[in-house]
Amino acid sequence: MDGARATDGVIADAARDPMADWPTGRLLSTASRLIEHTWQQALDGIGVTHAGLIVLHLLDSGPASQKELARRARVQNQTMSRTLDRLERAGHIERIAAADDRRRHVVSRTLAGDEAWLAAHRLEADVFPELPDESALRSQLLAIIRSGESSRWSPEDVEPA
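Rules and cut-offs
Residues numbered from 1 in each chain as written. Predicted model: local features only at pLDDT ≥ 70, side-chain atom pairs only at ≥ 80, totals over all residues. Heavy atoms only, no water. Helix = DSSP H or I, 4+ residues; strand = E, 2+ residues; numbered from the N terminus. Contact = heavy atoms within 4.5 Å. Phe/Tyr/Trp six-rings, centres within 6.5 Å; stacked < 30°, edge-to-face > 60°. Lys NZ or Arg CZ within 6 Å of the ring centre and 35° of its normal. Buried < 20%, exposed > 50% of the residue type's maximum accessible area, 1.4 Å probe, protein only. Patch = residues over 30% accessible without salt bridge, like charges linked within 9 Å, V, L, I, M, F, W, Y side chains within 5 Å. Areas by Shrake-Rupley, 256 points an atom, 1.4 Å probe, with all protein chains shown as cover. Salt bridge = Lys/Arg side-chain N within 4 Å of Asp/Glu carboxyl O. Core = buried A, V, L, I, M, F, W, Y, C linked by side-chain atoms within 4.5 Å. Pairing = 2+ DSSP bridges.

Colleague: Describe the overall build of the chain, and please don't skip the residues or the numbers.
Modeller: Check the secondary structure of the chain and you find six helices and five strands. At a minimum sequence separation of 6, the contacts of the chain that also span at least 24 residues come to 45%.

If you want it as structure tokens, here you go:
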């Protein structure tokens, strides 16, 4: 196979595609950066950041505390606070003091947040290329994330599978 490399049954010709010989980690990193940039541009159009979209997604199951959102998003509480500040200014969420503890706030999506969440779902179909077996890719990406998450996050920060 002069100049070609077989990977999972696919032969990539390095002479025609110099990226064919890149390590998988570099391919994932490059794809991630390109997708992140394109996705962020699309989200800018609906007034939501990537971090804000994560919060809107987490609130899909109902209201939650800032601490719970930070844990589920795998970010520091201070980082979540800044994200919530931006979402609140944009009218996508509201924070209400908890009845049992006035120091704790319950965060919920507003109607504008619901609309932004739905708009983001429609954007995904427009932004990302159609893949022949998206579920297999998603499974593989989840496997990669799961294999590395124990070294990045403590067990109590990781949601059950």
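There is more to say after this.
Colleague: Outline the packing of aromatic side chains, listing residues and values.
Modeller: All chains considered together, the criterion is met by zero aromatic pairs. The aromatic ring of Trp 22 is capped on one face by Arg 26, whose charged end is 3.5 Å from the ring centroid.

Colleague: So what about the environment of Ala 97? Which residues, and what values?
Modeller: In this fold, Ala 97 is placed in strand S4 (residues 93-97). Judged by its relative accessible area of 23%, Ala 97 is partly exposed. Expressed as a C-alpha distance, the spacing of Ala 97 and Val 107, which sit 10 residues apart in the sequence, is 8.9 Å. For Ala 97, the residues in contact, after removing those within four places along its chain, are Arg 102, Arg 104 and His 105.

Colleague: Account for a nonpolar patch on the surface, naming residues and giving values.
Modeller: Side chains of Leu 28, Leu 131, Leu 137, Leu 141 and Ile 144 sit close together on the surface and give an oily, nonpolar patch of about 360 Å² of accessible area. Along the chain, Leu 131 turns up in the loop between helix H5 (111-127) and helix H6 (134-152).

Colleague: Lay out the environment of Gly 91 in plain terms, naming residues and giving numbers.
Modeller: Tracing the sequence through the fold places Gly 91 in the loop between helix H4 (77-89) and S4. Look at Gly 91 and you get partly exposed, because its relative accessible area is 28%. Sequence-distant contacts of Gly 91, that is, excluding residues within four places in its chain, are made with Thr 110, Ala 112 and Gly 113.

Colleague: Let's hear about the nonpolar core: which residues, and what values?
Modeller: Ranked by size, the top nonpolar core spans 22 residues in total, and within it Leu 69 and Leu 84 carry the most contacts. Of all the secondary-structure elements, those providing two or more residues to this core are helix H1 (24-44), helix H2 (50-58), helix H3 (66-73), H4 and H5. Excluding residues that lie within four positions of it along the chain, Leu 84 makes contacts with Val 55, Gln 66, Leu 69, Ile 93, Arg 95 and Val 107.

Colleague: Break down H2 for me, citing the residues and quoting the values.
Modeller: Residues separated by three or four positions in an α-helix point in the same direction, a consequence of the helix having 3.6 residues per turn. Listed as buried for H2 are Gly 52, Leu 53, Val 55, Leu 56 and Leu 58. In the core, the buried residues of H2 are packed alongside H1, H3, H4, S4, strand S5 (105-109) and H5.

Colleague: A description of the sheet that holds S5 should follow, citing residues and the corresponding values.
Modeller: What the three strands build is an open sheet, ordered S3-S5-S4; its pairing is antiparallel. Each of the sheet's edge strands pairs with one partner strand only, and the pair in question is strand S3 (64-65) and S4. Here S3 runs beside S5; their pairing, made up of two bridges, is antiparallel. If you follow Ser 65 over to S5, its bridge partner there is Val 106.

Colleague: Explain the pattern of salt bridges residue by residue, including any values.
Modeller: Scanning the model with the defined rule gives six salt bridges in all. In this structure, the salt-bridge partner of Asp 85 is Arg 95, at a minimum N-O distance of 2.4 Å. With Asp 85 in helix H4 and Arg 95 in strand S4, this pair connects stretches of sequence that are 10 residues apart. Overall, the relative accessible area of 30% leaves Asp 85 in the partly exposed class. Bridged by salt links that share partners, the residues Asp 60, Arg 109 and Asp 114 form one connected network.

Structural measurements only, silent on function.
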